[in-house]
Amino acid sequence: MPRASRPDRMRPILPFVLLLLGACGFHPRGEIVLPAALERASLEVADPFSPVARDLRDALLRAGVVLVPAGTEGAGAIRVPVNQVVRDTLVVSANAKVQEYVVRHRVELSAADGAGKLLFGPAAIEITRPFTFDQTQGLAAAQEEELIRGELQREMVQQILRRLETIAVR
């Protein structure tokens, strides 16, 4: 008799695992639900060519938002006038050499409906990530910082979407 492959042996267990996940309250996060006032909106970002602006634009389109030019009559507005990513020194050794940095990503966010009434904000969102710096591994440290910046950018877009989603809940 041929021996069952691993996927075949796991198949009977799958319904029980799904049942347990459902019983504990786990459910996959669905698409974002934005308020009706932002179904047609402009996206105004300090640097419209930044990765955050690009990713936020894509996420809003996936959420069903019709993006229109700023100032379009009757359209809402999502504004991100501040979008900064900076690296600060966090730890300095006794011999005055940097041992640890922190990368900070900060945005300011507000949203208004088509009549110009403020729905949210202005509010600041800041995400930070520390990373160690080894002077003997300068190239690796630079690559690590770039990875952290990309991670922060993706997380920031998610934070912005969650903040906008809270408008719909209010």
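Residues numbered from 1 in each chain as written. Predicted model: local features only at pLDDT ≥ 70, side-chain atom pairs only at ≥ 80, totals over all residues. Heavy atoms only, no water.

K.L.:
Any chance you could explain the overall build of the protein chain here in plain terms?
P.N.:
Across its full length, the protein chain carries four helices and five strands. For the protein chain, the proportion of its 170 residues judged to be buried stands at 31%. Roughly 10,900 Å² of accessible area belongs to the protein chain as shown, and the carbon and sulfur atoms make up 57% of that amount. (Helix = DSSP H or I, 4+ residues; strand = E, 2+ residues; numbered from the N terminus. Buried < 20%, exposed > 50% of the residue type's maximum accessible area, 1.4 Å probe, protein only. Areas by Shrake-Rupley, 256 points an atom, 1.4 Å probe, with all protein chains shown as cover.)

K.L.:
Even after reading the chapter, I still don't get the pattern of salt bridges, so can you show me in this structure?
P.N.:
Where charged atoms from two side chains of opposite charge approach closely, those side chains can pair. Summed over all chains, the structure comprises eight salt bridges. Glu-44 serves as the salt-bridge partner of Arg-79, at 3.3 Å between the closest nitrogen and oxygen. With Arg-79 in strand β3 (residues 76-92) and Glu-44 in strand β1 (residues 40-45), this pair connects stretches of sequence that are 35 residues apart. Here Arg-79 falls in the partly exposed class, since its relative accessible area comes to 32%. With a closest N to O distance of 3.3 Å, Arg-54 and Asp-55 form a salt bridge. Linked through salt bridges whose partners overlap, the residues forming this network are Arg-87, Glu-145 and Arg-149. (Salt bridge = Lys/Arg side-chain N within 4 Å of Asp/Glu carboxyl O.)

K.L.:
I would appreciate a short explanation of the packing of aromatic side chains in the present structure.
P.N.:
Centre-to-centre distance and the angle between the planes together describe a pair of aromatic rings. In total, this model carries zero aromatic pairs according to the counting rule given. One cation-aromatic arrangement involves Arg-87 over Tyr-101; the distance from NZ or CZ to the ring centre is 4.3 Å. (Phe/Tyr/Trp six-rings, centres within 6.5 Å; stacked < 30°, edge-to-face > 60°. Lys NZ or Arg CZ within 6 Å of the ring centre and 35° of its normal.)

K.L.:
Help me understand the environment of Gln-84, please; the structure alone is not making it clear to me.
P.N.:
Position of Gln-84 relative to the elements: it lies in strand β3. Expressed as a C-alpha distance, the spacing of Gln-84 and Arg-104, which sit 20 residues apart in the sequence, is 7.9 Å.

K.L.:
In this structure, what is going on with unusual backbone geometry? I would like to understand it.
P.N.:
Most peptide bonds take the trans configuration, and most residues that are not glycine carry a negative phi. Each neighbour pair has its own omega, and for Gly-121 with Pro-122 the value is 0°, a cis peptide bond. With respect to the helices and strands, Pro-122 occurs in strand β5 (residues 118-132).

K.L.:
Whenever I open this one, the nonpolar core confuses me. Can you help?
P.N.:
Nonpolar side chains in soluble globular proteins tend to end up buried together. One finds Leu-38, Leu-56, Leu-60, Ile-78, Leu-109, Ile-160 and Leu-164 to be the most contacted residues of the largest nonpolar core, which totals 32 residues. Secondary structure elements with two or more residues in this core: β1, α3 (51-62), β3, β4 (98-112), β5 and α4 (138-169). Tallying contributions element by element places α4 first for this core, with eight residues. (Core = buried A, V, L, I, M, F, W, Y, C linked by side-chain atoms within 4.5 Å.)

K.L.:
What is the right way to look at the side chain of Ser-42 in this model?
P.N.:
Its place among the elements puts Ser-42 in strand β1. The residues contacting Ser-42, other than those within four sequence positions of it, are Val-68, Pro-69, Ala-70, Gly-76, Ala-77 and Ile-78. (Contact = heavy atoms within 4.5 Å.)

K.L.:
Help me understand the pairing of β1 in this model?
P.N.:
As a general feature of sheets, a regular strand has side chains that alternate between the two faces. Sheet analysis places β1 next to strand β2 (residues 66-67), joined by two bridges and oriented parallel. Directly across from Arg-40, in β2, lies its bridge partner Val-66. Following the chain from β1 across α3 to the adjacent parallel β2, one finds a crossover that is right-handed. (Pairing = 2+ DSSP bridges. Right-handed = clockwise from strand over helix to strand, strands pointing away.)

K.L.:
Explanation requested: the side chain of Asp-55 in the structure shown.
P.N.:
For Asp-55, the location among the structural elements is in helix α3. Excluding residues that lie within four positions of it along the chain, Asp-55 makes contacts with Gln-153 and Val-157.

K.L.:
Looking at this structure, I do not really get the environment of Ile-127. What am I missing?
P.N.:
Topologically, Ile-127 is positioned in strand β5. Here the alpha-carbon distance between Ile-127 and Glu-155, two residues 28 residues apart in the chain, equals 8.2 Å. In this structure, Ile-127 is in contact with Val-103, Arg-104, His-105, Leu-152, Glu-155, Met-156 and Gln-159, ignoring residues within four places of it in sequence.

K.L.:
So what exactly am I meant to see when it comes to α3 here?
P.N.:
Residues spaced three or four apart along an α-helix point in a common direction, a consequence of the helix completing one turn every 3.6 residues. Relative to the 16 Å expected for twelve residues at 1.5 Å per residue, α3 spans 16 Å between its end C-alpha atoms, a close match to the ideal helical length. Restricting attention to buried positions, one finds in α3 the residues Val-52, Ala-53, Asp-55, Leu-56, Ala-59 and Leu-60. (Expected span 1.5 Å × (residues − 1).)

Any link to function would need more than the numbers given here.
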